[in-house]
Amino acid sequence: MPKLIIDDITVEVAEGTTLLEAAQSVDIPIPHFCWHPALGRAGACRVCAVKLLDGPVKGIQMSCMLPAQEGMVVSTTDPEAVAMRRHVIEWLMINHPHDCPVCDEGGECQLQDYTIAGGHGIRRYSGKKRTHVNQYLGPYIEHEMNRCIQCYRCVRYYQEYAGGTDFGVMGSAGRVYFGRFQEGQLESPFSGNLVDICPTGVFTDKTARFRARYWDYDMAPSVCPGCSLGCNTTPVARYRELLKTVARRNDAVNGWFICDRGRFANSAVNAPLRPRHAVVDSRESCVEDALDTLLLRIHALGELHGPGSIAVVGSSRMAQEAAELLPQLALRIAAGALCYRTTRKESTETSSFVELVHTGSSASQQDVRKSDCIVVYGCDPLNEAPMMAMAIRQAWRSGATVYVIEHKITLPCEFTLRATLDDVPLAEAERPVIICNLSAETDQLDKLLEGHSRLKIAPLFPAANSFGTALLMREHGAISLEEALADGEIKGIISIEADIPAALLGKIPFVAALDWQATATVQAAQIVIPTTAWVEMNGSYINYEGRAQHFSKVMNPGVPVKGLDPAGHPPHIHRSTATGGEALPARQLLARLIKLLDDGNRGLS
Amino acid sequence: MEQILFQHNKPGRCVTFAEYQTEGGFTALKKALAAMTPDEVQQVVIDSGLRGRGGAGFPTGKKWSFVPRNLPGPRWLICNCDEMEPGTYKDRILLEANPYSLIEGITLACYAIGVRHAFIFIRRGYEQAAANLQRAISEAAAAGLLGENILGSGFDCAIDVHVSAGRYICGEETALMNALEGKRANPRAKPPFPAIKGLWGGPTVVNNVESLANIPYIIANGPAWFKATAATPEAAGMKLFCISGHVTHPACFELPLGMKLGDIIGGPCGGMRPGSSFKACLPGGASTPYFTADHWNIPMDFDPVAKAGSRLGTGGIVVFDHKTCMVAATLNLVRFYARESCGWCTPCREGLPFVVNLLETIESGQGSDEHIEILREHIKYLNYAFCALAPGAMGPVDGLLRHFEDEIREHNRNGKCPCRS
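Residues numbered from 1 in each chain as written. Chains lettered and ligands numbered in written order. Predicted model: local features only at pLDDT ≥ 70, side-chain atom pairs only at ≥ 80, totals over all residues. Heavy atoms only, no water.

## A word on the overall build of chain B
We count it as follows: Strands here are runs of E lasting at least two residues and helices are runs of H or I lasting at least four, both read from the DSSP assignment and numbered beginning at the N terminus. Atoms counted for the radius of gyration: C-alpha only. Globule rule: 2.2 Å times residue count to the power 0.38. The classification of residues rests on relative accessible area computed with a 1.4 Å probe and restricted to protein chains. Under 20% of the type maximum is buried, over 50% is exposed, and intermediate values are partly exposed.
Tallying secondary structure elements over chain B gives 17 helices and nine strands in all. Its C-alpha radius of gyration of 22 Å places chain B within 12% of the 22 Å reference for a compact globule of 421 residues. In terms of overall dimensions, chain B has a C-alpha envelope of 75 × 45 × 35 Å along the principal axes. Relative to its 421 residues, chain B shows a buried fraction of 61%.

So, in structure tokens, the structure goes:
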């Protein structure tokens, strides 16, 4: 544990920590472009210069390259170090355009920040700026090579970290060019991270370009609902439109990155056909009336068919808070069934896996990255949960052996095929992890867990909150909708953010749907009450490993300003809610419904 | 004058394998394999005082001794023949005349370090030299002097010639290793140094052609003999000096290390061209600060040249006469380096074009004295680049400011180059 002094502060850091990180640990920021915690040191940009006044090394040094050593005395404010950093900015600005106001990165640009911070304002170079021809890189990422400061982050990320092969660096000296051999869509399923990792505006999110400035963003820490991994994100919205999603760092979960599927998935939230108003019997209504009508229908159905004729149906995509209220509702209306799953197969599978990993044997993405032996068993991580494939690659890069049990898949790393789980030398591994999906035999995994105390399992569930709802299923004896409908007793369904196949709905006389997506259930329902999407509320999901993660409200619900009649904007009649903004989180609607039922039972209504 | 490397030279052609052998070639290899341990070979090279002839002048034997002794896995020797320093052509002259000394030297070095596979990384333009080396390797292998179980000693050694794709930066040893591995020729961070972790992660020694070609003669004749061939007691051995520019006979000469600059130009070079007088020279290739007439009596050896504010470098002496505009000469050199930057780090990639721009401004008569100050800043801050390319490129600029600041000011004052009529 070397002890050193940085700007008169004594710092003790772990062996191998760079000066830059040591300084960061005591809140001394050192400018940097090429260094990135996930990519490590490069020493290319030279902007992190500090001066070592005493100790084993002296003089101007790059803080990202030099490991902290006992007795070092470091100054980040020494005039010579400051002058070096100022020169680096001056050199970078020789060729960087001076057009921040028309750059999409403006306001969230590292180069802009450091240029202003360093006080570089007068151009001493009298030559022309170098220019490049940009490439078409597909519908998601815009390429503006003139803005490049050659920090090599993109190519280090794309090739080394993500394992992509169709993007790289070409040319030398001042002609260094980052791009593809020829124009075309980037092939990596993790290409969107180029946008996050580029310190200037070379790569920007094409789907959100010139839609908002950083200081106008509505944003909040959130969790990706795309799969059961629960990668941390920061969705960005403006004028009630979800513009883009950027990765949010969480070392235990996704690290610094997210997959393209999670990143470029704004369309569901912005969909013009989203249910925005309550609907009763095909007529637009308000939420209060719709809830009252729903109560009446519940009573009527009970009188007609007797108790137990209604099923309360949730899903594995609903937030945990709403899912927790379903049993309460089911109890109060004497529901015939409480369901969180459609098919019996999925219901039993999720339950047994939750049972399996409930004992603490689940592997986080960080466990996977740190593993030395990974077994991919009967699943396809790159398609089912892309970031899991990224985690496998990181383990492989650090020397882990990756085994795939006879299965036709691709992974962004080398792997060895094995016929069965028994052919994998699990006992020799220090930190083995088995990655599977619900098709795996839990009995077999259970035996392996008993046999190998260090073994961990990462089961890929189908949806964001499969784990959380499975816990409730066990606690409240929920059954699958398939089973509930088998005896034909169910005559009404209250669906809360559930995707029920049309075939199952066909024989049900009464359907009420609470949802924010225009699903088949919503189409078939007599009563529709809009709920909010995850970015429009606070809530939580429990991911595949049993990790509960909170997500915060990013934006208010409502029709995006862009989708309104131009004549109607700016609005001439001012209201407290935006057009189409009556939607409430499912948990609030359920709470209201439960309160109405309780009031009714006490004779208050 | 006694010649070491050039002793086998035949007029107008390359020496043959048979001639090289009859003239005493491969006796050193036979001697070492028969009667010397690898450590003894290494010790003789250390004792000889041989310093690397590629430019940095690091003692060759000491470099070998940094390779860890008992590390498992392969280790490598690379002969650096990516000779791209402007004004330097000694390795080409040597290899076009005689590739056998190098082959024998590499084999001896491999024996001393425990390497079984060496590479010769050769500049793309050196087609004749590469062909000579290929031929020499097959001849040596056919004669049992290379390959498996050399001369029945149980020692195996293979040599491969790798023709570079061709960039100046490939001469930097870590960039060279990246290029050899098939990667972009960007320099690597040091530490770890190549002797610990180099080519494909194994311990690696990178030596210049001339350094390795001297080894057989050191082994054959002993360290004391080698030391004595130099002109001063401090220096050791002979050196290939390649002289170009405004002298009467520009050529590559093998001269004793420590010979005075004036003696070189006045002696084998036949003095300045008729009608020319000496103004300045690059003492050791294009990345070394200028010498002027004041340095006429400096012994051309590593330490004295360094003490005089320049570097012996590769021994490529470029001579400028009194009609040369030193600003224009420097501009020409820095343009080369700006073009040859690998593009990895900011100071080199962006700073050198800035220096080119400043020198252009001054040379065209548009400059002012503030440009001199900016040049001075660049001399200082380009030192903090990733590798030695940018600091080297600033060598002549440094020399320009130290010795010819008046000439720059004259440009600025007159609004035109004083050397142009």
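## A word on the overall build of chain A
Cut-off, in case you're wondering: It only takes one pair of heavy atoms within 4.5 Å for two residues to be counted as in contact. Areas reported as accessible are Shrake-Rupley estimates using a 1.4 Å probe. Residue values count occlusion only from the protein chains shown. Charge assignment: positive for Lys and Arg, negative for Asp and Glu; neither His nor the chain ends contribute. Note that the charge is assigned to NZ on lysines, CZ on arginines, CG on aspartates and CD on glutamates.
The secondary structure content of chain A amounts to 19 helices and 27 strands. Sequence separation of 24 or more characterises 65% of the internal contacts of chain A that already satisfy a separation of 6 or more. Working note: accessible area of chain A is about 25000 Å², and carbon and sulfur atoms make up 52% of it. Positive and negative side-chain charges of chain A, numbering 58 and 68 respectively, have mean locations separated by a distance of 6 Å.

## Notes on helix α17 (residues 405-414) of chain B
All names here are of chain B. Spelled out, the test is: Directions are taken from the helix axis to each C-beta atom, and the arc is the one they span.
Those residues of α17 not exposed but buried are E405, E407, I408, H411 and N412. Buried residues of α17, seen end-on, are gathered within an arc of 165° and therefore sit on one face of the element. When the buried face of α17 is taken as reference, the exposed residues oriented beyond 90 degrees from it are D406 and R413. For α17, the secondary structure elements touched by its buried residues are β7 (278-282), α13 (326-340), α14 (346-363), α15 (369-381) and α16 (389-403). G415 sits one or two positions beyond α17 and adopts a positive phi of about 70°.

## Examining the sheet that holds strand β19 (residues 401-405) of chain A
All names here are of chain A. Under the convention used in this document: Two strands pair if DSSP finds at least two bridges between them. In this description, a line fitted to the C-alpha atoms serves as the axis of each element, helices being fitted only across the stretch in contact, and the angle between N-to-C directions of two axes falls anywhere from 0 to 180 degrees.
Pairing is parallel in the open sheet, where five strands are placed in the order β20-β19-β18-β21-β22. Taken across any chain shown, the strands that pair with only one partner, and hence form the sheet edges, are β20 (416-418) and β22 (456-460). Strand-to-strand twist in this sheet, taken as the mean axis angle between neighbours without regard to direction, amounts to 25°. By the bridge criterion, five bridges tie strand β21 (residues 432-437) to β22 in an arrangement that is parallel. By the bridge assignment, I434 is partnered in β22 with I457. Against the sheet, helix α10 (residues 344-357) engages β21 and β22, with an angle of about 155° to β22. Along the sheet, helix α14 (residues 442-451) makes contact with β18 (373-377), β21 and β22, crossing β21 at roughly 170°.

## Some words on the layout of surface pockets
Put simply, the rule is: A pocket, in this scheme, is an open set of points on a 1 Å grid over the protein atoms alone with protein on both sides within 12 Å along at least 5 of 7 lines, while a cavity is a set where a 1.4 Å probe fits but cannot get out; residues line either one if an atom lies within 4 Å of a point. Grid points are joined across faces, edges and corners, and a volume is the space filled by probe spheres set on the points. For this scheme, ten residues count as nonpolar: Ala, Val, Leu, Ile, Met, Phe, Trp, Tyr, Cys and Pro. Four count as charged, namely Asp, Glu, Lys and Arg, and the remainder, Gly too, count as polar.
Approximately 970 Å³ is the volume attributed to the second largest pocket. Taken together, 29 residues line the second largest pocket, and the ones lying closest to its centre are A:E160, B:N178, B:K183, B:R188 and B:W344. Those elements that provide at least two residues to the lining of the second largest pocket are α4 (153-161) of chain A together with α8 (173-180) of chain B. When residues in the lining of the second largest pocket are grouped by element, the largest group, four residues, is from α4(A). Residue classes in the lining of the second largest pocket are distributed as 14 nonpolar, six polar and nine charged.

## Let's talk about helix α7 (residues 127-142) of chain B
The periodicity of an α-helix, 3.6 residues per turn, causes residues three or four positions apart to be oriented the same way. All names here are of chain B. Worth spelling out the cut-off: Helix span is expected to be 1.5 Å times the residue number reduced by one.
Given a rise of 1.5 Å per residue, 16 residues ought to cover 22 Å, and the 23 Å separating the end C-alpha atoms of α7 matches this to within 8%. Looking at α7, one finds that the buried residues are A129, A130, N132, L133, A136, I137 and A140. All buried residues of α7 project into a common sector of 160° when viewed along the axis, lining one side. Of the exposed residues in α7, the ones pointing more than 90 degrees away from its buried face are E127 and A142. Close packing links the buried residues of α7 with α1 (17-22), α5 (90-97), α6 (100-113), β2 (117-122) and β3 (158-163). The positive-phi residue at the C-terminal boundary of α7 is G144, with phi of around 75°.

## Quick word on the state of the cysteines
All names here are of chain A. The cut-off we apply is this: Two cysteine sulfurs form a disulfide in these notes if their separation is within 2.5 Å.
Evaluation of the coordinates by the stated rule reveals zero disulfides over all chains. Looking at C379, it has no disulfide partner, and the nearest cysteine sulfur is the one in C436, 6.5 Å off. Classification of C379 by relative accessible area gives buried; the value is 0%.

## Regarding the sheet that holds strand β1 (residues 76-81) of chain B
Remark on secondary structure: sheet strands pair via backbone hydrogen bonds, oriented parallel or antiparallel. All names here are of chain B. Strand order in this open sheet of four strands is β3-β2-β1-β4, and the pairing throughout is parallel. Two strands bound the open sheet, and with one partner strand each, they are β3 and β4 (204-208). Between one strand axis and the next, the sheet turns by 20° as a mean value, whatever way the strands run. For β2 and β3, the ladder comprises six bridges, and the chain directions are parallel. Within β3, the position partnered with I122 by the bridge is V163. Of the strands in this sheet, β1, β2 and β4 touch α5, which is tilted by about 105° from β1.

## What about the packing of aromatic side chains?
Note the following rule: Here a pair means two rings of Phe, Tyr or Trp (six-membered ring of Trp) with centres within 6.5 Å. Their orientation is stacked below 30 degrees between planes, edge-to-face above 60, and tilted elsewhere. By the criterion adopted, a ring carries a charge over it if an Arg CZ or a Lys NZ lies within 6 Å of its centre and within 35 degrees of its normal.
Overall, the coordinates contain 32 aromatic pairs over all chains when judged by the stated rule. Geometrically, the ring pair formed by B:Y20 and B:F26 is edge-to-face, given 5.5 Å between the ring centres and 90° between the ring planes. The ring of A:Y239 has A:R238 lying over it, and the distance from NZ or CZ to the ring centre is 4.1 Å.

## Describing the environment of A:A49
Residue and element names in this part refer to chain A. Among the structural elements, A49 can be located in strand β3 (residues 49-54). Taking the C-alpha atoms as reference points, A49 and D446, 397 residues apart in sequence, are found 54 Å from one another. Aside from chain neighbours lying at most four places away, what touches A49 is I60, Q61, M62, A81, M84 and R85.

## Thoughts on the pairing of strand β6 (residues 252-256) of chain B
All names here are of chain B. Counting buried positions along β6 yields five of five residues, so the element is predominantly enclosed. Note: strand β5 (residues 238-245) against β6, five bridges, orientation antiparallel. From the neighbouring strand, K239 faces β6, where its bridge partner is L255. The loop that links β5 with its antiparallel partner β6 comprises six residues.

## Considering the pattern of salt bridges
Let me state the cut-off plainly: We define a salt bridge as a contact between a side-chain nitrogen of Lys or Arg and a carboxyl oxygen of Asp or Glu at a distance within 4 Å.
Counted under the stated rule, the structure contains 56 salt bridges over all chains. The salt bridge partner of A:D515 is A:R317, with a shortest N-O separation of 2.7 Å. Taken together, the positions of A:D515 in strand β24 (residues 510-515) and A:R317 in the loop between β16 (310-313) and α9 (320-332) put the pair 198 residues apart, joining distant regions of the chain. A salt bridge links B:R409 to B:E405; its shortest N-O distance comes to 2.5 Å. Taken as a pair, B:R409 and B:E405 lie in helix α17 at a separation of four residues, close to a single helical turn. By relative accessible area, B:R409 is classed as partly exposed at 25%. By sharing partners, the salt bridges in this structure join B:R53, B:K90, B:D91, B:E210 and B:K239 into a single network.

## Overview of the domain arrangement of chain A
Note the cut-off: Note: domain ranges come from an automatic or database domain assignment.
What the domain assignment lists for chain A is domain 1 (3-93), domain 2 (278-343 + 480-531 + 583-604) and domain 3 (358-462). Centre-to-centre separation of domain 1 of chain A and domain 2 of chain A, based on C-alpha positions: 60 Å.

## Digging into the interface of chain B and chain A
Selection rule: Defined in terms of a 1.4 Å probe, buried area is the accessible area two parts forfeit on being brought together, summed over both. The term polar contact refers here to a pair of N or O atoms within 3.5 Å; inside protein, the definition further demands a hydrogen-donor-capable atom paired with an acceptor-capable atom, and it admits residues adjacent in sequence only when both atoms are side-chain atoms.
With 29 residues of chain B in contact, the opposing surface of chain A contributes 35 residues. Summed over both partners, the interface of chain B with chain A comes to about 2600 Å²; 56% of that surface belongs to carbon and sulfur atoms. Among the residues of chain B in contact with chain A, B:W344, B:Y381 and B:Y384 are the three that bury the most area, contributing 25% of the side total. Between chain B and chain A we count three salt bridges in total. Salt-bridge contacts for B:E350 lead to A:R130; the nearest nitrogen and oxygen are separated by 3.7 Å. Summed over the shared surface of chain B and chain A, the result is 17 residue pairs in polar contact (both at pLDDT 80 or more). Counting only elements with at least two residues in the side of chain B that touches chain A, the list comes to α13, α14 and α15 of chain B. Among the elements that make up the side of chain B that touches chain A, the one with the highest residue count is α14(B) (nine residues).

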